[in-house]
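Notes for the structure review
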Amino acid sequence: MRSLGLDIGGANTKAVLFEDEEMETYWLEYIPLWEDWKKLREFLEELESDFHPQKVGITMTGELSDIFETKRAGVRKIGKTVKEIFSGDLYYFSVDGRFVSEEKAYDSPYKLSASNWVSSALLVGRKRPNCLMIDVGSTTTDIIPVKEKKPTPAGWTDLERLQTGELIYTGVLRTPPPYLKSRLSINDKSYGIAAEYFANMADAYRILDVLRKEDYTCETPDGRGKEKKACMRRLARLFCSDLEKLEEDLIVKAAEEFRDAQVSMVVDAIKEVARIHKISKTLSVVLMGVGGEILARKAANQAGFKEIVNLSKIYNDVATLMPPAYGLGLLVKEEVTS
């Protein structure tokens, strides 16, 4: 039986196809819903045409996109689109960790909103029943305690998790550096930073040689290249300057300051989550997402945790890159079997 795990985000859509319990193939597509809704339809139509999955597990965060007036409207639009395209059975994943029918999904749309982290936590819990999960993606970071195989956060909605620190709206690709720090100290000089979207953290991490060009999956702020020199040009604009005026060493140090500020933000959140849940530093930490090694490992180390493992060592590289979709592909197959 072919099962498909589908995670529809506002910027990235991820899908993992399983034949029984064996992964067949996967996709990570940059589809900014606010720019091109048609591209999402075309991608989903291609999946249906080429593979005809019999069971489809669906989660989403794209309902938060500003093309929708409300999250309820976003859930309905995404659900309606999926229904129009796929001929197989559809299972919508709820924030309480259950699959629900289309009818129930529309009755309680807010339970479907931003439920993808629950799928990730259940995937982790299969192999690590008790741990702290840290998922650093392109845009956000989730810090979720897992106990006896299930997520046990203090907050369940995005609004609640932003209050508890279990959700941080920062990631290693799309986050604007001025969000992290508005003033830099470099070579005994202090620099104010332009609060413009001239660059993003993907640029900073490319400059620091820790992000591969192929992992820079979002658009660049200026629509130009992703090579290191182009990233430096963008970061230079934050100084209202360019590479004719600024030394490359200064740009590298700026990237380091932005990285350190982002690490500190995540460290503070980890400590707060540990405090709320009375988590011991001896608890194992499971990392995932495109920023698992780039950001989460540094933060977990600085927060005092010692046993830190990447999800790729537990499952594989695809699972760590897109854990919600990977988890749903397995979970929906088990749901059908049971």
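Since this is a predicted model, take the numbers as computed values, not measurements.

Rules of the game
Residues numbered from 1 in each chain as written. Predicted model: local features only at pLDDT ≥ 70, side-chain atom pairs only at ≥ 80, totals over all residues. Heavy atoms only, no water. UniProt positions renumbered as here; feature names shortened; annotations may be inferred. Helix = DSSP H or I, 4+ residues; strand = E, 2+ residues; numbered from the N terminus. Domains from an automatic or database assignment. Contact = heavy atoms within 4.5 Å. Buried area = accessible area lost by both parts, 1.4 Å probe. Salt bridge = Lys/Arg side-chain N within 4 Å of Asp/Glu carboxyl O. Polar contact = N/O pair within 3.5 Å; in protein donor to acceptor, adjacent residues only side chain to side chain. Nonpolar A, V, L, I, M, F, W, Y, C, P; charged D, E, K, R; others polar. Pairing = 2+ DSSP bridges. Buried < 20%, exposed > 50% of the residue type's maximum accessible area, 1.4 Å probe, protein only. Axes fitted to C-alpha atoms, helices over the stretch in contact; angles between N-to-C directions. Left-handed = near helix turned anticlockwise from the far one by under 90°. Core = buried A, V, L, I, M, F, W, Y, C linked by side-chain atoms within 4.5 Å. Patch = residues over 30% accessible without salt bridge, like charges linked within 9 Å, V, L, I, M, F, W, Y side chains within 5 Å. Areas by Shrake-Rupley, 256 points an atom, 1.4 Å probe, with all protein chains shown as cover. Parallel < 35°, antiparallel > 145°, perpendicular 65-115°, else oblique.

Here we look at the UniProt feature "domain: Hydantoinase A/oxoprolinase" (unreviewed entry) in the protein chain
Sites flagged by UniProt as "domain: Hydantoinase A/oxoprolinase" (unreviewed entry) map to residues 57-309. In residues 57-309, the share of helix is 42% and the share of strand is 17%. The end C-alpha atoms are 27 Å apart.

Some remarks on the domain arrangement of the protein chain
When its domains are assigned, the protein chain resolves into domain 1 (2-118 + 322-333) and domain 2 (129-313). Between domain 1 and domain 2, the residue contacts involve 13 residues of the former and 18 residues of the latter. Sorting the residues of domain 1 by area buried against domain 2 places Tyr-30, Trp-117 and Pro-323 first, and these three jointly supply 52% of that buried surface. Across the contact surface, domain 1 and domain 2 share zero salt bridges. Run the count over domain 1 and domain 2 and you get one residue pair in polar contact (both at pLDDT 80 or more). Those elements that place two or more of their residues in the side of domain 1 that touches domain 2 are strand S3 (22-30) and helix H5 (116-127). The residue inventory of the side of domain 1 that touches domain 2, partitioned by class, reads 10 nonpolar, one polar and two charged.

Looking at the sheet that holds S3
Pairing in this open sheet of six strands is mixed, and the strands run S3-S2-S1-S4-S5-S6 from one edge to the other. Across the chains shown, the open sheet's two edge strands, defined by having one partner strand only, are S3 and strand S6 (99-100). Bridge analysis of strand S5 (residues 89-93) against S6 gives two bridges, and the strand direction is antiparallel. Note that in S6 the partner of Phe-93 across the bridge is Phe-99.

What to know about unusual backbone geometry
With a phi close to 55°, Asn-187 is a non-glycine residue in the positive phi region. Tracing the backbone through its elements, the reader meets Asn-187 in the loop between strand S11 (183-186) and strand S12 (189-192). One non-glycine residue with positive phi stands out, namely Asp-209, at about 60°. Here Asp-209 lies in the loop between helix H8 (201-207) and helix H9 (228-237).

Focus on the environment of Gln-262
As for its placement among the helices and strands, Gln-262 is situated in helix H10 (residues 248-277). Looking at Gln-262, the relative accessible area reads 0%, which means it is buried. Along the backbone, Gln-262 and Glu-84 are 178 residues apart, and their C-alpha atoms lie at a distance of 41 Å. Among residues more than four places away in sequence, those in contact with Gln-262 are Thr-170, Gly-171, Val-172, Thr-175, Leu-180, Met-201, Tyr-205 and Leu-295. A polar side-chain atom of Gln-262 sits 2.7 Å from a polar atom in the side chain of Thr-170.

Considerations on the packing of helix H1 (residues 37-51) against helix H2 (residues 71-85)
Where H1 meets H2, the axes come as close as 9 Å, and the angle between the chain directions of the two elements is 35°. The crossing of H1 and H2 is right-handed. Here Trp-37, Arg-41, Leu-44, Glu-45 and Glu-48 of H1 lie close against H2, whose contacting residues are Lys-77, Ile-78, Thr-81, Val-82, Glu-84 and Ile-85.

Points about the nonpolar core
Ile-134, Leu-235, Phe-239, Ile-251 and Ile-270 are the most contacted members of the largest nonpolar core, which totals 55 residues. Among the secondary structure elements, those contributing two or more residues to this core are strand S7 (131-136), S11, H8, H9, H10, strand S13 (285-288) and helix H11 (292-302). Here this core takes 13 residues from H10, the largest share from any one element. Beyond its immediate chain neighbours, meaning those up to four positions away, Ile-134 contacts Thr-141, Asp-142, Ile-143, Ile-270, Val-285, Val-286, Leu-287, Met-288, Ala-296 and Ala-300. Counting residues in hydrophobic clusters, the runner-up holds 31 residues, among them Tyr-91, Val-146, Ala-319 and Met-322.

Re a nonpolar patch on the surface
Taken together, the side chains of Leu-64, Leu-162, Tyr-169 and Tyr-179 define a hydrophobic patch exposed on the protein surface, amounting to about 410 Å² of accessible area. For Leu-162, the location among the structural elements is in helix H6 (residues 158-164). Leu-162 sits in the partly exposed class, given a relative accessible area of 45%.

Let's talk about H9
Taken together, the buried positions of H9 are occupied by Ala-230, Cys-231, Met-232, Arg-234, Leu-235 and Ala-236. On the buried face of H9, the contacting elements are helix H7 (177-180), H8 and H10.

Considerations on the pattern of salt bridges
Taken as a whole and assessed by the stated rule, the structure comprises 24 salt bridges. Here Arg-41 ties to Glu-84 by a salt bridge, and the two come within 2.8 Å at their closest N and O atoms. Taken together, the residues Arg-41 in helix H1 and Glu-84 in helix H2 connect sequence positions 43 residues apart. With a relative accessible area of 42%, Glu-84 lands in the partly exposed category. Salt-bridge contacts for Arg-234 lead to Asp-203; the nearest nitrogen and oxygen are separated by 2.8 Å. Here Asp-203 lies in helix H8 and Arg-234 lies in helix H9, a separation of 31 residues in the sequence. Among the residues examined, Asp-203 registers a relative accessible area of 0% and is labelled buried.

A word on the packing of H10 against H11
As a packed pair, H10 and H11 sit with axes 8 Å apart at the nearest point and diverge in direction by 55°. As the angle between them shows, H10 and H11 are arranged oblique. The element H10 and its partner H11 pack so that their crossing is right-handed. Of the residues in H11, those in contact with Arg-259, Gln-262, Val-263, Val-266, Val-267, Ile-270 and Lys-271 of H10 are Leu-295, Lys-298, Ala-299, Ala-300 and Gln-302. Among the residues forming the contact of H10 with H11, the class breakdown is seven nonpolar, two polar and three charged.

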